[in-house]
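Chain and residue survey
Chain residues, written in single-letter form:
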Amino acid sequence: MLPPASLSSLVDTSASAIQTLLPYASPPRVGFILGSGLGMLVERFENPGLLPYAQIPHFPPSSVQGHAGRLAFGHLGGIAVVAMQGRTHGYEGLAPWQTAFPARVLCRLGIQALVLTNAAGGIGPDMKPGELMAIVDHLNFSGANPLTGPNDETLGPRFLDLSHLYCPQLLQRMRKAAHARSVVLREGVYAMMAGPSYETPAEIRMLRLLGAQAVGMSTVYEALAAHHMGTPVAALSCITNLAAGLGPLLSHSEVTEVSAQSSARFCDLLEGFVQTFT
Ligand code: HPA
C-alpha cells in the first residue's frame, strides 16, 4: 500500500491528538525510538506521561515481544524529551511508510534530533554482544523505501540526498557523551534486512564483504522519513549477538536479554547525549 498524497495531514492529525491527549508543558527537544529490550531509558525520565499507541490516530500498533507500544514524554537531565517504547517493523506486514509514520509524527512535534536505537547482530571483529555502535551509514537490503509513492512536497523533496543521513554533528555529540560517561562506543555501517527470519551465514559473509559491521531489521525507514522532513538523525545499535554463522544459533530471547544487560551503559550514553542540548 502506498502513502496517501496527503500524508502530511495524517501526520498533523496524530501530532495534534497527542498534544490533546497528553498536554505537556514544554515541547520535546529530543525524540527517541527505543528498540527491542531498550525501553528502560524511560525509567530515567522525570515525571513521565505515557500514551499507548492504540490511542493515537493513525499510529500502527507494535506487536513484537519486548516492545511496550507506548509513547513516553518527560524530562531527562532537565531536557524535554519524548520516546517511543517499541516500534513496528516491515516484517509485521506494514508498508514501509506506515512503519516510518511515528517517526514523522515525532518530527512534527518539533524535536531537534531523532535518536533511533535497535538491537543488532554484530558482523565486524569489534562487534561482540554487549557493544554499543553508533550508526554512521547504512545498507538498505530490505528491498523497499518508505519514500516510495506520491511525494508530499510539504514534507520533503522527491529526490533526497543521503550523503549525511546520519547527522555528523549529532554523531560528534554522541562521541563526546561516550567519552564523558566512559562508555566504549564503536562506529559502523548498519545493514537492514527485511526479516523476520535472521540471516543465513552466506548473507552475513556478503554483508561483511560489502562493509557492514551490524545487521538488523529496523531503523532505516525511520531514518529516511525523518531526514526527508529535515530532522537531524542519530542512531545507535546495541549488539546483542554475533551474526549468523559467526557464533551460536540466534534467538529473540537472547536479543532481549543482552540488550537488557547493556541497558545501564546504553541509558548512560543517551542521557549524556541529551545533556549536550543544555
Ligand atoms: N540479525 C537481524 N536482526 C537482529 C539480529 C541479527 O543478528 N540481532 C538483533 N536483531
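See the structure shown above.
An account of the accompanying structure is given in this report. (Residues numbered from 1 in each chain as written. Predicted model: local features only at pLDDT ≥ 70, side-chain atom pairs only at ≥ 80, totals over all residues. Heavy atoms only, no water.)

Here Asn 118 shows up in strand E5 (residues 113-122). Of the polar contacts made by the side chain of Asn 118, one reaches the side chain of Thr 219; its length is 2.8 Å. (Helix = DSSP H or I, 4+ residues; strand = E, 2+ residues; numbered from the N terminus. Polar contact = N/O pair within 3.5 Å; in protein donor to acceptor, adjacent residues only side chain to side chain.)

Next up on the list: helix H3 (residues 101-108). The α-helix advances 3.6 residues per turn, and as a result positions three or four apart in sequence lie on the same side. With respect to burial, H3 is a largely interior element, seven of its eight residues being buried. Within the sequence span of H3, burial applies to Phe 101, Pro 102, Ala 103, Arg 104, Val 105, Leu 106 and Cys 107. Immediately beyond the C-terminal end of H3, within one or two residues, lies Gly 110, with a positive phi of roughly 100 degrees. (Buried < 20%, exposed > 50% of the residue type's maximum accessible area, 1.4 Å probe, protein only.)

Look at helix H4 (residues 168-180) against helix H8 (residues 263-275): their axes get within 8 Å of each other, and the N-to-C directions meet at 120 degrees. What the angle tells us is that H4 and H8 run oblique. Considering only the axes of H4 and H8, their crossing is right-handed. Contacts between H4 and H8 involve Leu 170, Arg 173, Met 174, Ala 177 and Ala 178 from the first element and Leu 269, Leu 270, Gly 272 and Phe 273 from the second. Residue composition of the contact of H4 with H8, by class: seven nonpolar, one polar and one charged. (Axes fitted to C-alpha atoms, helices over the stretch in contact; angles between N-to-C directions. Parallel < 35°, antiparallel > 145°, perpendicular 65-115°, else oblique. Left-handed = near helix turned anticlockwise from the far one by under 90°. Contact = heavy atoms within 4.5 Å. Nonpolar A, V, L, I, M, F, W, Y, C, P; charged D, E, K, R; others polar.)

Let us now look at the packing of aromatic side chains. Enumeration according to the criterion identifies three aromatic pairs in this entry. Each ring, one from Tyr 53 and one from Phe 59, has its centre 5.3 Å from the other, and the planes form 55 degrees; the classification is tilted. The burial state of Tyr 53 is the same as that of Phe 59; both residues are buried. A ring pair is formed by Phe 273 and Phe 277, whose centres lie 5.5 Å apart and whose planes are at 65 degrees; its orientation type is edge-to-face. (Phe/Tyr/Trp six-rings, centres within 6.5 Å; stacked < 30°, edge-to-face > 60°.)

Under the counting rule described, the total for this entry stands at eight salt bridges. Among the ionic pairs, Arg 44 bridges to Asp 268, the shortest N-O distance being 2.8 Å. Of this pair, Arg 44 sits in the loop between strand E1 (30-34) and strand E2 (46-52) while Asp 268 sits in helix H8; the two residues are 224 residues apart in sequence, bridging distant segments of the chain. Take Asp 268: its relative accessible area is 25%, and that puts it in the partly exposed class. Taking the shortest distance from any N to any O, the salt bridge between Glu 187 and Arg 175 comes out at 2.6 Å. Linking Glu 187 in strand E7 (residues 185-193) with Arg 175 in helix H4, this pair joins segments that are twelve residues apart in sequence. A residue is classified by how much of its surface remains accessible, and Arg 175, at 33% relative accessible area, is partly exposed. It is possible to trace a salt-bridge network through shared partners that takes in Arg 44, Arg 181, Asp 268 and Glu 271. (Salt bridge = Lys/Arg side-chain N within 4 Å of Asp/Glu carboxyl O.)

What follows covers the site of the ligand. Looking at the ligand, the residues that line it are Ala 119, Ala 120, Gly 121, Tyr 198, Glu 199, Val 215, Gly 216, Met 217, Thr 240, Asn 241, Leu 250 and Val 255. Between a nitrogen atom of the ligand and a side-chain N or O atom of Glu 199, the distance comes to 2.8 Å. About the coverage of the ligand: the protein hides 95% of its 260 Å² of free accessible area. Looking at the shell around the ligand, the elements with two or more residues in it are E5, strand E8 (214-216) and strand E9 (233-242). The biggest single contributor to the shell around the ligand is E5, with three residues. Within the shell around the ligand, the residues separate by chemical class into seven nonpolar, four polar and one charged. (Near = heavy atom within 4 Å. Areas by Shrake-Rupley, 256 points an atom, 1.4 Å probe, with all protein chains shown as cover.)

The nonpolar side chains of a soluble globular protein tend to be buried, and buried together. Leu 71, Phe 101, Leu 106, Leu 114, Tyr 166 and Tyr 190 are the most contacted members of the largest nonpolar core, which has 47 residues in total. Of all the elements, helix H6 (residues 220-228) adds the most residues to this core, at six residues. In this structure Tyr 166 touches Ile 135, Val 136, Asp 137, His 138, Val 220, Ala 223, Val 233 and Ala 235, once residues within four positions along its chain are discounted. If you look at the next biggest cluster of nonpolar residues, it comprises 34 residues, including Leu 41, Ala 113, Val 115 and Ala 178. (Core = buried A, V, L, I, M, F, W, Y, C linked by side-chain atoms within 4.5 Å.)

Function cannot be read off these values alone, since they describe shape.
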